[in-house]
Amino acid sequence: MSFSNENGFFHADLGAPGPPSGAGSPRLSQSLSQSEKKQVNQRVVHINNPEWTNERYEFSGNKVRTSKYTLLSFLPRNLFEQFHRLAYIYFLIIVILNQIPQLAVFGRTASLFPLLFVLVITAIKDGYEDWGRHRSDKDENNRTSLVLQDGHFKPKKWKQIKVGEVVKVYANETIPGDIVLLKTSDATGAAYIQTINLDGESNLKIRYARQETSVKHPELGPIAGTIVCELPNRNIYEFVAYMEIDGVQIPLGPNNIVLRGCELKNTSWVVGVVVYAGRETKAMLNSSGAQSKRSKLEQEMNRETLWLSFFLLVICIVGGVGLGVWVGVHVTELDSLPFFRKDDTEGRKYMYYGPTGEAFFGFLSYIIMFQIMIPISLYISLELVRLGQSYFMVRDPEMFHSGSNTCFQCRALNINEDLGQIKYIFSDKTGTLTQNKMEFHTASINGVDYSNAKVLDLAAKVEDLCGLEDEHVRQEPWLNHAWSPKIGEKVDPKLVRLLRSTTSTIEWKMVHEYFLVLAACNTIVPTRVHLSPSGQLEMQIASAHEEDVGVIEYHGESPDEQALVAAAASYGYTLVERTSSYIIIDLLGDLQRFEVLGIHEFDSVRKCMSVILKCPDNKIKLLVKGADSAVMNIIGGSALGLSNEQYIPSEDKHQAELIDATLSHLDGYAREGLRTLVIAAKDLSFAEFEAWYKQYLVASTSLVDRVGMLRATANMVEDNLLLLGATGIEDKLQEGVPETIALLREAGIKVWVLTGDKQETAISIGFSSMLLTRDMQQVIINESSRDRCREALRAAIVKYGLLGDIKSHTSPKFRINISSSVSFYNDTPIASELECEPTVSSKAKTKQPLALIIDGNSLVHALSQELEEELFVLATSCKVVLCCRVAPLQKAGIVSLIKQKTREMTLAIGDGANDVSMIQTADVGVGLSGQEGQQAVMASDFAMGQFRFLRRLLLVHGHWNYQRLAYMVLYNFYRNCVFVMMLFWYILHTAFSPSTAIFDWNLVFYSLLYTSLPTIAVGILDKDISHTTLLNYPPLYGIGQRGESYNSVLFWATMLDTLWQSLVLFYVPYFTYDATTIDIWSIGSLWIALVVILVNLHLALDIYQWTWITHVAIWGSILVTYACFFLMDSFPEDSFISHYWVIYHMIGTTVYWLDIMLVIILALLPRFCVKVLWHRFWPSDVELAREAELRGRLGRNTHSPVELSIVPDPVSFEAPVLGV
């Protein structure tokens, strides 16, 4: 150890605040531990010596490439990616078959057009996007930074920078690679970094250069040393390394590295050495998009696509067999039949293969002819419609949050319709339901509750604030000292008076230690805000030696810490300066310097944070704050050096009373919905510190299992602490949360809250947010063992009569096990606590709504394969589920459980990094732009500013999107099937010949041009109900949950209607022109005109809201169809000669127009009649709401209730009862 003598004691410089406790990756540590015996995987970087660094292994250069294609790889790779869609492979096979002379049903050129059109459009889109990436890459790689060359900093292109080179970056410039800081313009070695390009967080973060390198200047003398670090990985929040300079190993952590893409702010310049470059930087390793999700509607659509494929196969087999049979019957007449001869007059054979061969080739020809039964245009239409829907969602002013200036974001364009089918919502609490803007609310110190806080008026006198004058009050006007925060906080008059007392009592010492912990045990950095000469606000790290202080602001990554430090400052304990080795605190007007000997940052295992300080009186103190579940377990006797005489006669008794009082206060704070922390401290002896310091040096420089070693080191001193008190921090609900939850529950959506907070806090927030109500029976499970957890789950199932639900939703093996256990669990302690009846049947199921409240310890066992059935049955039988003290992976586990065991749609919403797993696991992930950064937003499918926007997103846009796309899919199936069936009826009258009366280009344009635009316009713009009605009557959302707009019944009803319409389409013109001399091309022209008009009018009958765009789309499509007819029938070329002037002759006859009118009436009449009867006698919720809307019964001044269908509980899968 290296100690420097100071004031009769020593000082150990351990570097930056927040040393690398938690800097190591558990995943990395585990892999390193497994290979430790062989060789530690590490990277050795020689500072300012890139040649030596890259001598043994050529590290990645700094050139980056985010583009997917090159000129040579674009065509093959893009085609390879596009043909991952099976439908494209199907159409490719069709095109290939059509090029075979025996199978050339269509013109070879015309058959290529549909597939080529889709491939070319997609390739152009992909190419344009990649061209933008190429330009971005070129600009990025050709940027310049200053690199130390020949003793001076000279400009160098980014793509030429190597690992080991020393770079210099000025303010507002971007970091060219992942660099370890060596020196900054600030004397303390601090630098402000903005990571918005990396993780989306706009708040400034502080990084530090080690003091050992801050005193060196690269241009005055070379910096000789090495950096040994972990191999490149994608964890942007961790960095495990050490630097060796002058024979001393210096630990490095995430506070010492600045990543590529970050911007330098409020710091003149920094100097650092590149440790990762190019594609090995953490930013590039994380440059992958969000995971792909498929909508439920698209998955169900595949089921109907398989049915259509089967039906296509059947009619092709019928046609092929029919052709073979016909050829076999007429085999002796083939030479005399027109258009079908086996050989010509000279005896040369035509392509004749006998009845079997003709049947086989006929079968293949029919597959080509009927190919549009599988609608290739549907895939393009779906993407365009989703894009249009996203356009309107993003621009919805009702989902714009002015406070954060954020609008709604659609990050995934393929699951819009899933928003209309959500049954379960899994929500985080802090920052999602609450504002995550912390305010110090109340304090418990030495067993006394100080909750009478008032807003501090800096101009008021202390005596006025306290309400009295006392001779024992200190005379220093500490409220007027220079070190005041920017905004006043609430203070308790009793505490103010106690702190100003001249008597050094035990109470005063406890309060003093309490606020010292709040001011010192954190990673907050105070900054000074002042006006620059140009008149702009500038921010610099605050220093206690400056006269012009300005305004102090506290910056940190935790809102809790900011609130605690600001509260300490309000009571006169103002943190005014922090460096890598010391902090300066203004203690009631007296500046005192504390040496930082070490920090153990908060981690999810220890659940607390501790700092070791050397005080001005040379004492060493351990200051601790953390969760009550962790700190209360390490509380001991007095550790402040107070004698028993000073304390109380029975110190153990006092400590026990203090613990009881504090626990009582914690329980009260939690019931008020406050976030709580326990405050403790301890004096360390020199021997204790020395033992800890030796282990700390080893742990902080280790590349192997650094996290575990630092955790073990912290446990050496974090014991036998003196309890000082507790804090209560208020995190208020966001605007509109109770109303939103109430509406969602009315819509039949179950809202589950998964939080890491205390159970009492979560319950309090549950009541204030209207998630919990007083009529609910709370089922609370807090068990630490698997057996006790099993008992609690099964006893609750028995008590509340959920055995019927078990029989409905679980495996027979589980039903037998739990049913046989009923009598046993009636006698268990858990059953007696729950007051279970001796016998319970499913008929005795409680009518009182249940609320399950379960903690993380219980979920450790409940989510196991052995108990997940019980958890599932109990949780899904409850109206509300509240999970407390849960870890991120437990959140994902709960979501996964519901997804796997139900067919219901799930949505997860959160705002922090701990919600990412949950968001990615759910069917729909929503991220909030909150105080905890943008990690949740970056991992989400949709992002917005406030929880309350969820009601409009789901109840309005979700309903509209689902209704539109569900109808669009059914309509596309109908549109293509009615056309194919019309062609099929034709071959029955042409000796099963695989030929058609419709011109090739009309076959191609039918799906791509004649009928595509109307369905896209309706899919984007149609609205069955207004947004006002949808919000006023949330049960209307149940339409999507029950799948009323798309299901197997509707599909087969549509196919039945399709069959009728195809018969009318074919046979009305057939019988009309049966006795005439009309040619096949003329009647084919009538058929294609009829089917285009029919499908467009069919769509027009189903439109709910007409706009000028839908008018243009529908009537314009019919006009465009006829325009194409006139154009194609005007060409006298060989390929068009058979159709020359056909349309001109047809439209001049009366029969042509009479046929159109007759077909339209006969084809649509059954559908129209069924709709009228159904609407009259069995109206749906939508029809009831529309009728009420039209009659003016709905709206702001409505007084007449509309009875809608009951929204079924997710557990009950019975059909809902429709009410009128």
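Scope of this entry: the structure provided in the associated data block. As the structure is a computational prediction, the values presented were derived from the model and not from experiment.

As for the overall build of the protein chain
If you tally the helices and strands in the protein chain, you get 42 helices and 38 strands. Of all 1220 residues assigned to the protein chain, the portion counted as buried reaches 57%. Sequence-distant contacts, at least 24 apart, represent 75% of the contacts inside the protein chain between residues at least 6 apart. Surface exposure of the protein chain reaches about 52,100 Å², of which carbon and sulfur atoms provide 56%.

With respect to unusual backbone geometry
Positive phi, close to 55 degrees, is recorded for D150, a residue that is not glycine. Although it is not a glycine, N618 sits at a positive phi angle of roughly 70 degrees. Secondary-structure assignment places N618 in the loop between β28 (608-614) and β29 (620-626). Looking at N618, the relative accessible area reads 22%, which means it is partly exposed.

Topic: the nonpolar core
Judged by nonpolar contacts, the single largest core of 96 residues is most densely connected at F370 and F979. Ranked by residue count, the leading element in this core is helix α32 (residues 949-987), at 21 residues. When sequence neighbours within four positions are dropped, the list of residues in contact with F370 reads L312, I315, C316, V980, L983, F984 and I987.

A closer look at the packing of helix α9 (residues 296-329) against α32
Relative orientation of the contacting elements α9 and α32 amounts to 0 degrees, with a least axis distance of 12 Å. What the angle tells us is that α9 and α32 run roughly parallel. Taken together, the residues of α32 that come into contact with α9 (itself represented by L297, M301, E304, T305, L308, F311, I315, V318 and G319) are L965, A966, V969, F973, C977, V980, M981, F984 and I987. Its residues assigned to classes, the contact of α9 with α32 shows 15 nonpolar, 2 polar and 1 charged.

Side note on the pairing of strand β12 (residues 248-252)
Successive residues of a regular strand alternate their side chains across the two faces of the sheet. As defined by bridge partners, strand β11 (residues 241-245) adjoins β12 across 5 bridges and the pair is classed as antiparallel. Considered in β12, the bridge of Y242 is made with P251. In this structure, the hairpin formed by β11 and β12 is closed by a connection of 2 residues, where D246 is found at a positive phi of approximately 55 degrees.

Considering the packing of aromatic side chains
Summed over the entire model, instances satisfying the criterion amount to 44 aromatic pairs. Judged by centre distance (6.0 Å) and plane angle (85 degrees), the ring pair of F973 and F1051 falls under edge-to-face. Placement of the pair is F973 in helix α32 and F1051 in helix α37 (residues 1048-1072), with a sequence separation of 78 residues. The same class applies to F973 and to F1051, which are both buried. Grouping aromatic residues by their ring pairs yields a cluster made of Y986, F1066, Y1067, Y1070, F1071 and W1087. When the ring centre of W131 is taken as reference, the NZ or CZ atom of R135 above it lies at 4.2 Å.

Some words on helix α28 (residues 868-877)
Counting buried positions along α28 gives 10 out of 10 residues, so the element sits mostly inside the fold. Within α28, burial applies to E868, E869, E870, L871, F872, V873, L874, A875, T876 and S877.

A few points about the side chain of H46
The residue H46 is located in strand β3 (residues 43-46) in this model. Look past the residues within four positions of H46 in its chain and what remains in contact with it is W52, T53, G164, G225 and T226.

Section: a positive patch on the surface
Taken together, K63, K138, K157 and K159 make up a surface patch of like positive charges. With respect to the helices and strands, K138 occurs in helix α5 (residues 108-141).

Comments concerning the packing of α37 against helix α38 (residues 1080-1102)
Where α37 meets α38, the closest approach of the two axes is 10 Å, and the angle between their N-to-C directions is 145 degrees. As α37 packs across α38, the resulting crossing turns out to be right-handed. Across the interface between the two elements, D1057, Q1061, L1065, F1066, P1069 and Y1070 from α37 touch I1083, L1086, W1087, L1090, V1091, L1094 and H1098 from α38. Here the residues of the contact of α37 with α38 sort into 10 nonpolar, 2 polar and 1 charged.

So, the sheet that holds strand β25 (residues 573-578)
Backbone-to-backbone hydrogen bonds join strands into a sheet, with any given pair of strands oriented parallel or antiparallel. Taken in spatial order, the 9 strands line up as β19-β18-β31-β30-β29-β28-β27-β26-β25 in an open sheet, and their pairing is antiparallel. Every interior strand has two partners, whereas the edge strands, β19 (448-450) and β25, have only one. Put simply, the sheet's adjacent strands are angled 30 degrees from each other on average, direction ignored. Strand contacts of helix α14 (residues 506-520): β18 (439-445), β25, β26 (582-587), β27 (590-600), β28, β29, β30 (675-684) and β31 (722-730), with the helix running at about 55 degrees to β31, the strand carrying the most contacts. Sitting on the sheet, helix α15 (residues 559-570) touches β18, β25, β28, β29, β30 and β31, and the angle it makes with β25 is about 120 degrees.

What counts as what
Residues numbered from 1 in each chain as written. Predicted model: local features only at pLDDT ≥ 70, side-chain atom pairs only at ≥ 80, totals over all residues. Heavy atoms only, no water. Helix = DSSP H or I, 4+ residues; strand = E, 2+ residues; numbered from the N terminus. Buried < 20%, exposed > 50% of the residue type's maximum accessible area, 1.4 Å probe, protein only. Contact = heavy atoms within 4.5 Å. Areas by Shrake-Rupley, 256 points an atom, 1.4 Å probe, with all protein chains shown as cover. Core = buried A, V, L, I, M, F, W, Y, C linked by side-chain atoms within 4.5 Å. Axes fitted to C-alpha atoms, helices over the stretch in contact; angles between N-to-C directions. Parallel < 35°, antiparallel > 145°, perpendicular 65-115°, else oblique. Nonpolar A, V, L, I, M, F, W, Y, C, P; charged D, E, K, R; others polar. Pairing = 2+ DSSP bridges. Phe/Tyr/Trp six-rings, centres within 6.5 Å; stacked < 30°, edge-to-face > 60°. Lys NZ or Arg CZ within 6 Å of the ring centre and 35° of its normal. Patch = residues over 30% accessible without salt bridge, like charges linked within 9 Å, V, L, I, M, F, W, Y side chains within 5 Å. Salt bridge = Lys/Arg side-chain N within 4 Å of Asp/Glu carboxyl O. Lys, Arg positive; Asp, Glu negative; His and termini not counted. Charge placed at Lys NZ, Arg CZ, Asp CG, Glu CD. Left-handed = near helix turned anticlockwise from the far one by under 90°.

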